[in-house]
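# Observations on chain architecture
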Protein chains: 2
Amino acid sequence: MRYCVIMCGGVGTRFWPFSRQSMPKQFLDFFGTGRSLLQMTVDRISPVVNPENIILVTNREYYKLIREQLPEVKESNILLEPARRNTAPCICWAAKHIYAMDPEAVIVTLPSDHLVLKEDSFRKSIEEGFEFVENGNRLLTLGIKPTGPNTGYGYIQEGEVEKNYPGIYKVKAFVEKPNLEMAELFVNSGEFFWNAGIFLWSVRAILEAFDKYSPEIAQTLGAPDGVYASKRERDFIDRHFPDCVNISIDYAIMEKAQNVFVKTVEFGWSDLGAWKALYEASPKNSEGNVTQKSKVLATDCSGSIFASESDKIIVAAGLRDYIVADTDKALLIYPLKEEQKIRNIVNELKDRFGEEYI
Amino acid sequence: MRYCVIMCGGVGTRFWPFSRQSMPKQFLDFFGTGRSLLQMTVDRISPVVNPENIILVTNREYYKLIREQLPEVKESNILLEPARRNTAPCICWAAKHIYAMDPEAVIVTLPSDHLVLKEDSFRKSIEEGFEFVENGNRLLTLGIKPTGPNTGYGYIQEGEVEKNYPGIYKVKAFVEKPNLEMAELFVNSGEFFWNAGIFLWSVRAILEAFDKYSPEIAQTLGAPDGVYASKRERDFIDRHFPDCVNISIDYAIMEKAQNVFVKTVEFGWSDLGAWKALYEASPKNSEGNVTQKSKVLATDCSGSIFASESDKIIVAAGLRDYIVADTDKALLIYPLKEEQKIRNIVNELKDRFGEEYI
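It should be emphasised that the depicted structure is a prediction, and the values quoted were computed from it without experimental measurement.

Pairing between sheet strands relies on hydrogen bonds along the backbone, with the strands arranged either parallel or antiparallel. Taken together, the 6 strands give an open sheet; going across it, the order is E12(A)-E14(A)-E16(A)-E17(A)-E15(B)-E13(B), and neighbouring strands pair in mixed fashion. Two strands lie at the open edges of the sheet, namely strand E12 (290–292) of chain A together with strand E13 (295–299) of chain B, each paired on one side alone. On average, adjacent strands in this sheet sit at an angle of 5 degrees to one another, irrespective of strand direction. Two strands pair when backbone bridges link them, and E12(A) and strand E14 (residues 305–308) of chain A are joined in this way by 3 bridges, in the parallel orientation. When the sheet's bridge partners are listed, Val290(A) is paired in E14(A) with Ile305(A). Lying over the sheet, helix H11 (residues 342–353) of chain A contacts strand E16 (322–326) and strand E17 (330–335) of chain A together with E13 and strand E15 (313–317) of chain B, oriented at roughly 145 degrees with respect to E13(B).

As structure tokens, then:
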């Protein structure tokens, strides 16, 4: 059967003050549609994967948020990590959990905080990906056709096209976030695609890959038969999961395995990695301003994003390329092009004013 | 006896979103000291005028605010205007009210929303002013020694010095807000002083002046003996006060009367007329920023004022000479030098989003 694993335990402060440790980005209704990014992720995949087979892996801390936002999800489909260990242990656990229920399963693994504009095209790609991994011991990642030399993404270089699977290539290399010059070369070459962190594989293939390339994780999470998908799973995980190394699936598996493929796709994707990405993904008015859910009266402002948690009015003038983000805890008025400094600021705030603002 | 009349019925949106129709400036704790401007006004005058003799004139709409902020004031000392008619009718009513209790009274009339930094010096000036108006049929106004060519104030030109009263002069002229060139001439001449709207007179002198220069107000508010300062006063006022012309005391009396004097004073005064005045009256950090009651982390900001109603954190960068004012209803991010546009914006907001934000 087809399964979906949604990873929704991440924490991030790049959208501070909107995203906070207690309310990470995936739980936010970013676009004012009434649905959080996580809810939109579930909505998006549900026509392709039976909702009964959608597994959420998150941090224990977010259990309540998950229950509030996704009351329809079965309790046994929520896997609660007792510690943050990046994506590899998370994916390995989910695979072992699914394997215990269905050793023939195929899995699509999704981040919970990305934007997809063309949902039909997304689902078609996932369907095609499933078909590919159902027919062999293959690890498939989706590669997004770049729309520009973005330096905020990792890139995947395509190798030979796979016979009978147009649009699917052997992966030649994974490349970390490049500088602008490199990114331009990548995009112009036509061989490089953005690494979206969306993976498809059979449960057998990914567990075999863990055994081979990350045996320490496979062993740490190696439970006697009958533990996974049983009442004993939680206790086992609470005791052993924290012992896993903290490592991403890219480092642990994808960059090492030989049977890695990339399916090149286009479906209006953004990782919404920070304000600039949100700005670019959002509709703009004639002055190039984005107004997230806000009543805004902007005079002589351009290239700016205005976001408020409440329905307050924002009156602004003379701002060029600014982030204006207002919550009940904090107000951020910051140049978009300096947003990488926000992370440091959040740390400074923590030191000066305490955890409550973070 | 000495009386004080505090005019506290004004409404203004120049400090929007802080001041609103439902919460005008005089009721705000502007400096985060725990006392509103009105409370500070009462505190300031109380050592000079018996609190029993402090009369508040305000709009009916603000009765609750007055009771909350000044619970110690006697009910009969609160005069509630049924309509807004500027300062002349307000002053005339208060005088008639006081005359009914004490025809020998002298009165200092104060605005409720100004700042005075040197309170001892202020009280000394008021004492000296009382002595002056206790000895004759004279209308006295205080003239603030200018600290610069401010174009936001009206000016008073001094004439001949009054014998035996150093620092008190006949008024040669009242001058409306000048342009910058004129203001510079005024200040350099040494003959011009800011009109602070602080007046002293005997109750006989001001009522005589109303009879002479504004007989229509005197007649409209002319009640049979025994009405003022009685239970019948309120009903009389409710019926007749709205018929008064809407006119300031300057136009109605001061610019016409011949017995008008100015006492020149220096006591660290500002009318806090708008954000710029508040900025100038407030302590600044080394970057020249003012942080009103706010937790602010400002990088590369200067000449700006940050004000928040709540204890939220404000993080800002790259702002020069800005107002950042945040309330639960609205957020204003506006260049200080364009603050005169705020009034129009508030009107536009009213049209677009309704009264609730104003």
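For the rest of this paragraph, the subject is the environment of Ser286(A). All names here are of chain A. In this fold, Ser286 is placed in the loop between helix H10 (275–281) and E12. For the pair formed by Ser286 and Ser302, sequence separation is 16 residues and the distance between their alpha carbons is 8.9 Å. A polar contact is formed between the side chain of Ser286 and the side chain of Glu287, at a distance of 3.2 Å.

Glancing now at the pattern of salt bridges. All names here are of chain A. One pass over the full model with this rule turns up 48 salt bridges over all chains. Across the pair Arg138 and Glu162 runs a salt bridge, and its minimum N-O distance is 3.8 Å. A residue pair is termed long-range when its members are at least 10 positions apart, and Arg138 in the loop between helix H4 (119–133) and strand E6 (139–144) and Glu162 in strand E7 (residues 155–162) qualify at 24 residues. According to the relative accessible area criterion, Arg138 is buried, its value standing at 15%. Between Glu348 and Arg352 there is a salt bridge, with the nearest N and O atoms lying 3.6 Å from each other. A residue pair is termed a helical-turn pair when its members lie 3 or 4 positions apart in one helix, as Glu348 and Arg352 do in helix H11 at 4 residues. With a relative accessible area of 47%, Arg352 lands in the partly exposed category.

Moving on: unusual backbone geometry. Leave glycine aside and you will find that most residues have negative phi; peptide bonds, for their part, are mostly trans. Residue Pro17(A) follows Trp16(A) across a cis peptide bond; omega there is 5 degrees. Following the sequence through the fold, Pro17(A) ends up in the loop between strand E1 (2–7) and helix H1 (37–45). Located in the positive-phi region is Asp321(A), a residue other than glycine, with phi close to 55 degrees. Relative to the helices and strands, Asp321(A) resides in the loop between strand E15 (313–317) and E16. The class of Asp321(A) is partly exposed, set by a relative accessible area of 43%. A positive phi is found at Ala229(B), a non-glycine position, where the angle reads about 60 degrees. As for its placement among the helices and strands, Ala229(B) is situated in the loop between helix H7 (215–220) and helix H8 (233–240). You can call Ala229(B) partly exposed: its relative accessible area is 38%.

The biggest cluster of nonpolar side chains holds 47 residues, and the ones touching the most others in it are Leu139(A), Trp201(A), Phe210(A) and Ile253(A). Tallying contributions element by element places helix H3 (residues 87–101) of chain A first for this core, with 8 residues. If we ignore the near neighbours within four places in the chain, the residues touching Trp201(A) are Ile91(A), Val106(A), Ile107(A), Thr109(A), Val133(A), Arg138(A), Leu139(A), Ile206(A), Ile249(A) and Met254(A). Within the second largest apolar cluster, 46 residues are counted, among which are Ile91(B), Ile98(B), Tyr228(B) and Met254(B).

This next bit is on the packing of helix H3 (residues 87–101) of chain B against helix H6 (residues 203–213) of chain B. All names here are of chain B. Between H3 and H6, whose axes approach to 10 Å, the crossing angle comes to 130 degrees. Classified by the interaxial angle, the pair formed by H3 and H6 is oblique. The element H3 and its partner H6 pack so that their crossing is left-handed. For the pair H3 and H6, contact is made by Ala88, Ile91, Cys92, Ala95, Lys96 and Tyr99 and by Val203, Arg204, Ile206, Leu207 and Phe210, respectively.

For the pair chain A and chain B, the superposition axis carries a translation of 0.0 Å, the fit reaches an RMSD of 0.1 Å, and the rotation angle comes to 180 degrees. The two molecules are tied by a two-fold rotation axis, judged by turn and shift. For chain A, the smallest separation between a C-alpha atom and the rotation axis is recorded for Asp328(A), amounting to 4.1 Å.

Parameters and conventions
Residues numbered from 1 in each chain as written. Chains lettered and ligands numbered in written order. Predicted model: local features only at pLDDT ≥ 70, side-chain atom pairs only at ≥ 80, totals over all residues. Heavy atoms only, no water. Pairing = 2+ DSSP bridges. Helix = DSSP H or I, 4+ residues; strand = E, 2+ residues; numbered from the N terminus. Axes fitted to C-alpha atoms, helices over the stretch in contact; angles between N-to-C directions. Contact = heavy atoms within 4.5 Å. Polar contact = N/O pair within 3.5 Å; in protein donor to acceptor, adjacent residues only side chain to side chain. Salt bridge = Lys/Arg side-chain N within 4 Å of Asp/Glu carboxyl O. Buried < 20%, exposed > 50% of the residue type's maximum accessible area, 1.4 Å probe, protein only. Core = buried A, V, L, I, M, F, W, Y, C linked by side-chain atoms within 4.5 Å. Parallel < 35°, antiparallel > 145°, perpendicular 65-115°, else oblique. Left-handed = near helix turned anticlockwise from the far one by under 90°. Least-squares fit on C-alpha atoms with pLDDT ≥ 70 in both.

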